[in-house]
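Notes for the structure review
One-letter residues, chain by chain:
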Amino acid sequence: MNPGDRVRVDRADRTLEGVLLPSSTDENLVVKLEGGYNVGIDRGEADVEVLAEDVYEIDGTGSNGDDETSEIAFDDDLPTITLISTGGTIASTVDYRTGAVTAQFDAEDVLRAVPDLAGRANYRGRVVANILSENMEPPIWQELAAVVHEEIEAGADGVVVMHGTDTMQYSAAALSFMLETPVPIVFTGSQRSADRPSSDNVMNAVAAVEAAKSDCAEVLVCMHGSESDDICALHRGTRVRKNHTSRRDAFETVGAEPLGAVDYENEAVSFRRDYQERGEADLALESDLEADVELLKFTPGMDPAFLDVVEGSAGLIVEGTGLGHVHTDLIPRIEELIDDGTTVVMTSQCLEGRVCDRVYDTGRDLLEAGVVEAGDTLPGTAKVKLMWALENSADVEEAMGTSLEGELQERSVPWE
Amino acid sequence: MSANEETADFDYEALGLVAGLEIHQQLDTATKLFCQCPTELRDPEAATRTFTRYLHPTRSELGELDDAAVEESKVDREFEYLAYDSTCLVEEDDEPPHELDEEALETTLEVAQLMAMEPVDQAHIMRKIVVDGSNTSGFQRSTLIATDGEIETSEGTVGIEDLLLEEESAQRVAEIDDGVRYSLDRLGIPLVEIGTKPDISSPEQALEAAERIGMLLRSTGKVKRGLGTIRQDVNVSIEEGARVEIKGVQSLDDIDDIVRNEVARQATLVKIADELTECEAAVGDRQDVTDVFEETDSGVIAGALGDGGSVMAVPLYGFDGVVGREIAPDRRLGTELSDHAKRHGAGGIFHTDELPAYGVTADEVEALREAVGVDPEDAVAIVADETEVADAAIEAAGERAETALEGVPEETRGANDDGTTRYLRPLPGAARMYPETDVPPVEPDPSDVPEPELLTEKVERYQDEYDLSSGLAEQVAYGKYMPLFEDVVADGIDPTLAASTLESTLTELRRDDVDVETLTRQHLEDVLGLVDDGELPNEGVTDLLTALATDPDRTAQEAAEEADLGGADEDEVRDAIIDVVERNEAQVEEEGMQAFSGLMGECMGALRGKADGDLVSELLREEIQKRS
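Basis of the calculations
Residues numbered from 1 in each chain as written. Chains lettered and ligands numbered in written order. Predicted model: local features only at pLDDT ≥ 70, side-chain atom pairs only at ≥ 80, totals over all residues. Heavy atoms only, no water. UniProt positions renumbered as here; feature names shortened; annotations may be inferred. Helix = DSSP H or I, 4+ residues; strand = E, 2+ residues; numbered from the N terminus. Buried < 20%, exposed > 50% of the residue type's maximum accessible area, 1.4 Å probe, protein only. Areas by Shrake-Rupley, 256 points an atom, 1.4 Å probe, with all protein chains shown as cover. Phe/Tyr/Trp six-rings, centres within 6.5 Å; stacked < 30°, edge-to-face > 60°. Lys NZ or Arg CZ within 6 Å of the ring centre and 35° of its normal. Contact = heavy atoms within 4.5 Å. Buried area = accessible area lost by both parts, 1.4 Å probe. Salt bridge = Lys/Arg side-chain N within 4 Å of Asp/Glu carboxyl O. Polar contact = N/O pair within 3.5 Å; in protein donor to acceptor, adjacent residues only side chain to side chain. Nonpolar A, V, L, I, M, F, W, Y, C, P; charged D, E, K, R; others polar. Domains from an automatic or database assignment. Patch = residues over 30% accessible without salt bridge, like charges linked within 9 Å, V, L, I, M, F, W, Y side chains within 5 Å. Lys, Arg positive; Asp, Glu negative; His and termini not counted. Charge placed at Lys NZ, Arg CZ, Asp CG, Glu CD. Pairing = 2+ DSSP bridges. Axes fitted to C-alpha atoms, helices over the stretch in contact; angles between N-to-C directions. Expected span 1.5 Å × (residues − 1). Arc of directions from axis to C-beta. pLDDT = per-residue confidence, 0-100. Parallel < 35°, antiparallel > 145°, perpendicular 65-115°, else oblique. Left-handed = near helix turned anticlockwise from the far one by under 90°. Core = buried A, V, L, I, M, F, W, Y, C linked by side-chain atoms within 4.5 Å.

The name given to chain B in an unreviewed UniProt entry is Glutamyl-tRNA(Gln) amidotransferase subunit E, with Salinadaptatus halalkaliphilus as the source organism. Checking UniProt for chain B, the heading Sequence similarities (unreviewed entry) contains the comment "Belongs to the GatB/GatE family. GatE subfamily."

Chain A carries the name Glutamyl-tRNA(Gln) amidotransferase subunit D in an unreviewed UniProt entry, which gives Salinadaptatus halalkaliphilus as its organism. Under the Sequence similarities (unreviewed entry) heading, UniProt states for chain A: "Belongs to the asparaginase 1 family. GatD subfamily." Taken verbatim from the UniProt record of chain A, the Subunit (unreviewed entry) comment is "Heterodimer of GatD and GatE."

1. With respect to the overall build of chain A
Helices and strands together make up the secondary structure of chain A, namely nine helices and 23 strands. Across the 416 residues that make up chain A, the buried fraction comes to 55%. Split by element, the accessible area of chain A, about 17300 Å² in all, is 43% carbon and sulfur.

2. Examining the packing of aromatic side chains
Any aromatic ring pair is given by two values, namely how distant the centres are and how the planes are angled relative to each other. Residues and elements named next belong to chain B. For the coordinates displayed, the defined rule picks out 11 aromatic pairs over all chains. Three or more aromatic residues joined by ring pairs form one cluster here, namely Phe51, Phe79, Tyr81 and Tyr182. One cation-aromatic arrangement involves Arg141 over Phe34; the distance from NZ or CZ to the ring centre is 5.4 Å.

3. Some thoughts on the interface of chain A and chain B
Each side of the interface is counted separately: chain A has 45 residues, and chain B has 50 residues. Both faces combined, the contact of chain A with chain B buries some 4000 Å², and carbon together with sulfur accounts for 47% of it. In terms of surface lost to chain B, no three residues of chain A exceed Arg14(A), Tyr37(A) and Pro197(A), which account for 20% of the buried area on that side. Inspection of the region where chain A meets chain B yields seven salt bridges. Between Arg248(A) and Asp94(B) there is a salt bridge, with its nearest N and O atoms 2.8 Å apart. Applying the counting rule to chain A against chain B returns 22 residue pairs in polar contact (both at pLDDT 80 or more). Of all the secondary-structure elements, those providing two or more residues to the side of chain A that touches chain B are strand S2 (14-21), strand S3 (28-33), strand S4 (38-42) and strand S7 (92-94) of chain A. Among the elements that take part in the side of chain A that touches chain B, S4(A) stands out by supplying five residues, more than any other. Residues belonging to the side of chain A that touches chain B are distributed by class as follows: 16 nonpolar, 14 polar and 15 charged.

4. As for the domain arrangement of chain A
We note that the domain assignment places domain 1 (6-52), domain 2 (68-285) and domain 3 (293-400) within chain A. Summarising the inter-unit geometry, the C-alpha centres of domain 1 of chain A and domain 3 of chain A are found 58 Å apart.

5. A short note on a negative patch on the surface
Residues and elements named next belong to chain B. A surface patch of negative charge is lined by Glu99, Glu102, Glu103, Glu106, Asp445 and Asp448. As for its placement among the helices and strands, Asp445 is situated in the loop between strand S23 (433-435) and helix H11 (455-466). Since its relative accessible area comes to 45%, Asp445 is described here as partly exposed.

6. Observations concerning the domain arrangement of chain B
In terms of domains, chain B is made up of domain 1 (24-251), domain 2 (282-404), domain 3 (455-562) and domain 4 (570-627). A straight line from the C-alpha centre of domain 1 of chain B to that of domain 2 of chain B covers 37 Å.

7. Comments concerning the sheet that holds strand S9 (residues 171-176) of chain B
Residue and element names in this part refer to chain B. An order of S2-S3-S10-S9 is seen for the four strands of this open sheet, with the pairing classed as mixed. One side of each edge strand has no neighbouring strand; the edge strands of this open sheet are strand S2 (49-53) and S9. Mean inter-strand twist for the sheet, computed between neighbouring axes without regard to direction, equals 25°. As paired strands, S9 and strand S10 (residues 179-183) are joined by five bridges and run antiparallel to one another. Counted as the bridge partner of Arg172 is Tyr182 from S10.

8. Topic: helix H3 (residues 168-178) of chain A
Counting buried positions along H3(A) yields 10 of 11 residues, so the element is predominantly enclosed. Taken together, the buried positions of H3(A) are occupied by Met168(A), Gln169(A), Ser171(A), Ala172(A), Ala173(A), Ala174(A), Leu175(A), Ser176(A), Phe177(A) and Met178(A).

9. Thoughts on the pairing of strand S6 (residues 125-129) of chain B
Residue and element names in this part refer to chain B. With five of five residues buried, S6 is to be regarded as a mostly interior element. Side-chain alternation along S6 places Ile125, Arg127 and Ile129 on one buried face and Met126 and Lys128 on a second face that is also buried. Sheet topology places S6 next to strand S7 (residues 139-153); five bridges connect them, and they run antiparallel. Looking at S7, one finds that Lys128 is bridged to Gln140. Where S6 lies against S23, three bridges are found, and the strand directions are antiparallel. When the bridges of S23 are listed, Lys128 appears paired with Met433.

10. Re helix H18 (residues 570-583) of chain B
Residues and elements named next belong to chain B. In this model, H18 (14 residues) spans 20 Å end to end at C-alpha, consistent with the 20 Å of a helix rising 1.5 Å per residue. Those residues of H18 that fall on the buried side of the exposure criterion are Val573, Arg574, Ala576, Ile577, Val580 and Val581. Projected down its long axis, H18 carries its buried residues within an arc of 165°, all on one side. Exposed side of H18, more than 90 degrees from the buried face: Asp571 and Arg583 are the residues found there. Looking at the packing, one finds that the buried side of H18 touches helix H19 (585-591), helix H20 (596-607) and helix H21 (613-627).

11. Considering the sheet that holds strand S6 (residues 80-85) of chain A
All names here are of chain A. The eight strands lie next to each other as S9-S6-S10-S12-S13-S14-S17-S18, forming an open sheet whose pairing is mixed. With partners counted over all chains shown, the strands left at the sheet margins are strand S9 (122-127) and strand S18 (269-271), one partner each. Each strand axis lies, on average, 25° off the axis of its neighbour in the sheet, ignoring direction.

12. A word on the confidence of the model for chain A
Residue and element names in this part refer to chain A. Averaged over every residue, the pLDDT of chain A is 88; residues scoring 70 or more account for 89%. Across residues 59-71, where pLDDT falls below 50, the model places 15 contacts with residues more than four positions away in sequence or in other chains. In this model, residues 101-105 is a region of pLDDT below 50 whose contacts with residues beyond four sequence positions or in other chains number 30 contacts.

13. Brief notes about the packing of helix H2 (residues 138-153) of chain A against H3(A)
All names here are of chain A. In the contact formed by H2 and H3, the axes pass within 10 Å of each other and the chain directions differ by 55°. Classified by the angle between their axes, H2 and H3 sit oblique to one another. Seen along the crossing, H2 lies across H3 with a hand that is right-handed. In this structure, H2 contributes Trp141, Gln142, Leu144, Ala145 and Val148 to the contact, and H3 contributes Tyr170, Ser171, Ala174, Leu175 and Met178. Here the residues of the contact of H2 with H3 sort into eight nonpolar, two polar and no charged.

14. Focus: the nonpolar core
Soluble, globular proteins show a tendency: their nonpolar side chains are buried together. Counting residues in hydrophobic clusters, the biggest one holds 141 residues, and the most contacted among them are Met115(B), Leu316(B), Phe319(B), Tyr462(B), Phe485(B) and Leu506(B). Excluding its chain neighbours within four sequence positions, the residues that come into contact with Phe319(B) are Leu276(B), Ala281(B), Ala282(B), Val283(B), Leu333(B), Asp353(B), Glu377(B), Asp378(B), Ala379(B), Ala401(B), Ala404(B) and Leu405(B). One finds Ala145(A), Ile152(A), Ala173(A) and Ile185(A) within the second-largest nonpolar core, a separate group that totals 46 residues.

15. A closer look at unusual backbone geometry
Residues and elements named next belong to chain B. Along the chain, Leu355 connects to Pro356 via a cis peptide bond; the corresponding omega equals 0°. If you trace the backbone, Pro356 turns up in the loop between strand S19 (350-351) and helix H9 (362-372). In the Ramachandran plot, Asp148 falls in the positive-phi region, its phi being about 60° despite a non-glycine side chain. We note that Asp330 has phi near 65°; this positive angle belongs to a residue other than glycine. With respect to the helices and strands, Asp330 occurs in the loop between strand S17 (326-328) and strand S18 (331-332).

16. What to know about the environment of Asp612(B)
Residues and elements named next belong to chain B. As for its position among the elements, Asp612 is in the loop between H20 and H21. Note: C-alpha distance between Asp612 and Gln26 (586 residues apart in sequence) is 42 Å. In this structure Asp612 touches Pro537, Asn538 and Glu539, once residues within four positions along its chain are discounted.

Structure (structure tokens):
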């Protein structure tokens, strides 16, 4: 008896017929009945007879019986866009083991899943990872950056990275620092899984491809700009943050309007502010990272022993309160860490606004102790940046206080 | 002869009629099936936000696409949704569903028990793909809760195949440019769907089974009442016909007519197929006949051509006279072809059995026949519209004509108000089912489920225990205030008072155009309580309910005080009576106690419901006695 077999199950006074599905527990058989409904049946109580073997091929890829090919004729008039899959909701299907949605498609499947992408570009597909984005790790950022570099070198006119939304902002920031790019690198994903007709994956993917064909040679995040299927916002990879757990328009640029937008109806790509234009920069890759950097959010009542954990670390981002503060009692310990060689950088848990440690005594004491201010850099971005700067910048402290890739706004311009 | 006259003669057994029912009933739960929003309907005007979406069909977990979903999605449409302060991100498909509502599951298990059904060990929430926009997600969540039940009818046992717990879809508000506007208030209200086995063998049995199921559902006291809260689908086939699902029969009383008409339709289609086969009928290739109508006076055709459109035709060899054949009251084979053309955006078709008409002249019909190259025994169907639409529509009409050669097509049809049906879409298949990964399976526990008293049993008990007349007992038991009646009677309110107030009084007020729907459960409970406490005389109930209905923001107590209803103490009552008696002094002196009945009416009028009749009567007697 295997998943995919047609079975008859006798249970008490009842007989059910259907296709056996992979079950999520040892206690239950799961059978898909004639009408399409799945039911769970107590294994212990059930008498199972196999009527026919392998009626359906259930290999867990969700793409069985599909012989379509994604090879599309090359069109000289269209730009070439590389689609890179890292997994995540935009390319996900059901995992029978957990019953949850998991990432299992490669880039070709994405083309199949999003037929609307056809005719917009010549596509190259690459798979860098097949993970949920909460499982993303810095070595995969490095691999991703290398693949993007390869693809641009090979002539891609733009790159679209399909990425889970949970940590998309970190990956986008990482690539912002690692790559000098002459073409757009656009991250996109979906908040609602691709297995539902209402998924935002179609519109986000289409808009991302349009952005990747545009003139803006930066690392961007392209996601829904509203709850409607009307506009996708284009965010700079170093200023973007996922600000909602489930809404389509969860991604926001912090401290400013998004850099640009893609109109879904007329497919126009527009920008609000200056950006690095296509071809302006020469392609370059600097992907070394210092792995030993931590991010610590200070909250009232924090055990000072938390700071012992980072002893000997290369870097520490503190997400302080307000203008950039921690409890006064922690300052001597922070000073010890700095004296010991750890770079300690201050950001704010307010997210909006810049840190300023010259206003209150606590701040002045922190500066005195050697803490570096990161302006209005987002805490998450600051962590990625410090990992990168520790390996690639001659003067780390200066780098952390300067905008390298638009992550630190020199002027705080009211925008709302 | 119309199809209706014919139906009377049908021998349903000989025809092999097999029918089944699907009854959809909204549950009256506090919150929706997958979120904590209330299950209340709203006026579209009260919408606080709108947003727009598109839907794209997806594959089932077995890798299949559903025919119905694919056909629906061929029409690229934009959906606009109205959101309210009573809806949340779950309805907007912008937040994962919460866990299955327990109250709804309990009620469903109660229904299962009433139909002797067996709950499943583990219920898996499924997604039924529906891409017409009526669900923001693109699917309806549906869960199989129980199987294998039965109900009794006078013509025998009808098996109950399955009991599903589903979420209600969004209400269609309007057609808009390029799409449809839906309202989110209804989306997510729990709904049970009861599917019978195809054990029904006559139109009358279909009606009886539907009534029986309706009674069982209402016996729980936990289902919604009123227009649109229950919908019936009917599946009908005859032996030589095919399974046809008829959706959305709004009125229970129409069920037998729907079955009769469908049998007639299928029987006629079978006959047509036989005739067509005999004369070797066939459907030809579609062709552009725009030239024929260059100078036409037909408004429909000229309009389409004026906009740069085309007239497309399909020759129907051997169909002359058949396209115009009536297959249901006022519906012809041509109407079926037309329904298919409409699905592809056309306004409909014209065919030679009905022409010349609609501004199309006899000469044009002749020219059309010639252009297409058909003989007198053939027919021609045409569509005039934008070229692309006309082409797709005539292809669809031709395909439907082709099916007529084989007999009855399996399909989903919609119920019309007149008891006929129209083509909606292909039958949906199992391919539209996908597991709902956002909600874990639940294990129904039927052990604690109360067994509700049936409404039929309640009618008996109300008569025996409460001494209600059979008519009033039935009104209360089947009425929407049944749960309230039971609660207040349990609290000690006089059953006759409660029954006559909740049924007779409210019915009278409704007839007098008092908006009794604004009265809350609390209002009714309080009014009955005031009477029970002696604070309001029976006679004041009508006035107090009227006052409350006019201004429902007040409590019953406040309204009673403002309207000066009740609370009249004995002295006030006596004063009023003395007034009346003194006004009629001559009569009292002359007639003595004989004047009582005439003056009683005047006193009650003067007190306008502020005093109890018994008290007025007692005091009036005293006052008359004093003076005679």
